[in-house]
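# Topology and contacts: notes
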Amino acid sequence: MPERKILTLLTDFGLSDVYVGAMKGVIAQINPTLTVVDLTHEIPPQNIAAGRFCLMSAYRYFPDETVHVAVVDPGVGGNRRAIALQFPSGFLVGPDNGLFGGILSQSRAIAAVELTNPDYWRVPTPSATFHGRDIFAPVGAHLASGVSLKLLGREIDLASLVELPIPECQRIDGGVTGFIQYGDRFGNLVTNIPGSLVEGKIWSVAIAGQTILGCQTYSDAPVGNLVALIGSNDWVEIAVNGGNAQLRLEVDLGAKVLVLIN
């Protein structure tokens, strides 16, 4: 069977513990020739929405047949399903808790299975608190080594996949309303408003009592000043040139944003 060869990992495990290393050890036991790429292990603990955003942002940059293992799993050991999905350009493995909803909003899945076949787990009786090591990592390794999706478990209805209750942006007279969906380590605030709605127009962002003129680059504003622009992931973004917009504006994820378009 043909190998898919590339496997990515995204978790909220951090790097101060051995959790990520243990997952990589399990993968290497199954197939040490796989290329394992760390997307990030610094998702805020239990923050499914942040994991959803980061996975959606990185997915498009990998070759076809890549297997993405994502574990942000506050419901581990509970009633949530362990699943694998097949898309035209790759595979996803992880918990059915909305983590894959960002990719599903952009690309329709071909098939989905619940991971019910213990032949592809690390052990027949996995830990109730570490499915990343005992189910998701080994399943991802087998899938990346060419195992067919249908062998991993029973097929499930794509319509039954869990979605996070994340609202879409809304067009209004003179603009668009939305919210902050992600904040990166620089303090840049990424909205859920597509850059395509403002590209080539004169626009500004209203948030936390501030109105920020839309620009092209961070350096279009003086150092220390707020700036709004279309970020690298093609969403409207709020930043501070040389600073931290999240600290400056004192806003959290979910904060409301208004984009005014002239």
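Preceding block: the structure.
Rules of the game
Residues numbered from 1 in each chain as written. Predicted model: local features only at pLDDT ≥ 70, side-chain atom pairs only at ≥ 80, totals over all residues. Heavy atoms only, no water. Core = buried A, V, L, I, M, F, W, Y, C linked by side-chain atoms within 4.5 Å. Buried < 20%, exposed > 50% of the residue type's maximum accessible area, 1.4 Å probe, protein only. Helix = DSSP H or I, 4+ residues; strand = E, 2+ residues; numbered from the N terminus. Contact = heavy atoms within 4.5 Å. 1 Å grid on protein atoms, 1.4 Å probe; cavity = no way out; pocket = protein on both sides within 12 Å on 5 of 7 lines; lining within 4 Å. Points joined across faces, edges and corners; volume = space filled by probe spheres on them. Nonpolar A, V, L, I, M, F, W, Y, C, P; charged D, E, K, R; others polar. Pairing = 2+ DSSP bridges. Axes fitted to C-alpha atoms, helices over the stretch in contact; angles between N-to-C directions. Parallel < 35°, antiparallel > 145°, perpendicular 65-115°, else oblique. Left-handed = near helix turned anticlockwise from the far one by under 90°. Phe/Tyr/Trp six-rings, centres within 6.5 Å; stacked < 30°, edge-to-face > 60°.

## Focus: the nonpolar core
Residues M23, V69, V93, L115, F136, V139 and L152 are the most contacted members of the largest nonpolar core, which totals 31 residues. At the level of elements, β1 (6–11), α1 (19–30), β3 (66–71), β4 (82–87), β5 (90–95), β6 (111–114) and α4 (131–144) are the ones that each hand at least two residues to this core. The biggest single contributor to this core is α4, with 7 residues. Ignoring any residue separated from it by four or fewer positions in sequence, one finds V139 in contact with V93, L115, Y120, W121 and L152.

## What about the layout of surface pockets?
One number sums up the size of the largest pocket: a volume of about 600 Å³. Those elements that provide at least two residues to the lining of the largest pocket are β2 (35–40), α2 (48–59), β9 (175–183) and β14 (235–240). Element by element, the count of residues in the lining of the largest pocket is highest for α2, at 5 residues. Split into classes, the residues belonging to the lining of the largest pocket amount to 15 nonpolar, 9 polar and 5 charged. Mapped onto the lining of the second largest pocket, the elements with two or more residues apiece are α2, β9 and β10 (189–194). In the lining of the second largest pocket, the residues fall into 8 nonpolar, 5 polar and 3 charged.

## Side note on unusual backbone geometry
In this structure, E65 is a non-glycine residue whose phi angle is positive, near 80°. In this fold, E65 is placed in the loop between α2 and β3. Residue classification places E65 among the partly exposed positions, given a relative accessible area of 35%. A positive phi angle, near 70°, is found at D234, a position not held by glycine. Relative to the helices and strands, D234 resides in the loop between β13 (226–230) and β14. The exposure class assigned to D234 is partly exposed, which follows from its relative accessible area of 45%.

## Thoughts on the sheet that holds β4
In spatial order, the strands read β2-β1-β3-β5-β4-β6-β7; together these 7 strands make up an open sheet with mixed pairing. Strands at the two margins of the open sheet, each flanked by one partner only, are β2 and β7 (154–155). The sheet contact formed by β1 and β3 spans 5 bridges and is parallel. Considered in β3, the bridge of T11 is made with V71. With respect to the sheet, α1 is in contact with β1, β2 and β3, its orientation differing from that of β1 by roughly 160°.

## Thoughts on the packing of α1 against α4
Relative orientation of the contacting elements α1 and α4 amounts to 40°, with a least axis distance of 9 Å. With respect to α4, the element α1 is oriented oblique. In the packing of α1 onto α4, the handedness of the crossing is right-handed. Along its contact with α1, which presents A22, M23, V26, I27 and I30, the element α4 presents G132, R133, A137, P138, A141 and H142. When grouped by side-chain class, the residues that make up the contact of α1 with α4 number 8 nonpolar, 2 polar and 1 charged.

## Side note on the packing of aromatic side chains
The final tally for this structure, using the stated rule, is 5 aromatic pairs. Measuring from ring centre to ring centre gives 5.5 Å for Y19 and F130, while their planes differ by 80°; the resulting arrangement is edge-to-face. With Y19 in helix α1 and F130 in the loop between β6 and α4, this residue pair connects regions lying 111 residues apart in the sequence. With relative accessibility at 9%, the residue F130 sits in the buried group. On the basis of an interplanar angle of 65° and a centroid distance of 5.9 Å, the ring pair of Y59 and F87 is categorised as edge-to-face. A residue pair is termed long-range when its members are at least 10 positions apart, and Y59 in helix α2 and F87 in strand β4 qualify at 28 residues. Taking the relative accessible area as the measure of exposure, Y59 reaches 9% and is therefore buried.

## Focus: the environment of V223
Looking at the element boundaries, V223 is found in the loop between β12 (210–213) and β13. A residue is classified by how much of its surface remains accessible, and V223, at 69% relative accessible area, is exposed. A sequence separation of 19 residues divides V223 from G242, and the C-alpha atoms of the two residues are 5.7 Å apart.

The analysis is restricted to geometry; functional conclusions fall outside its scope.
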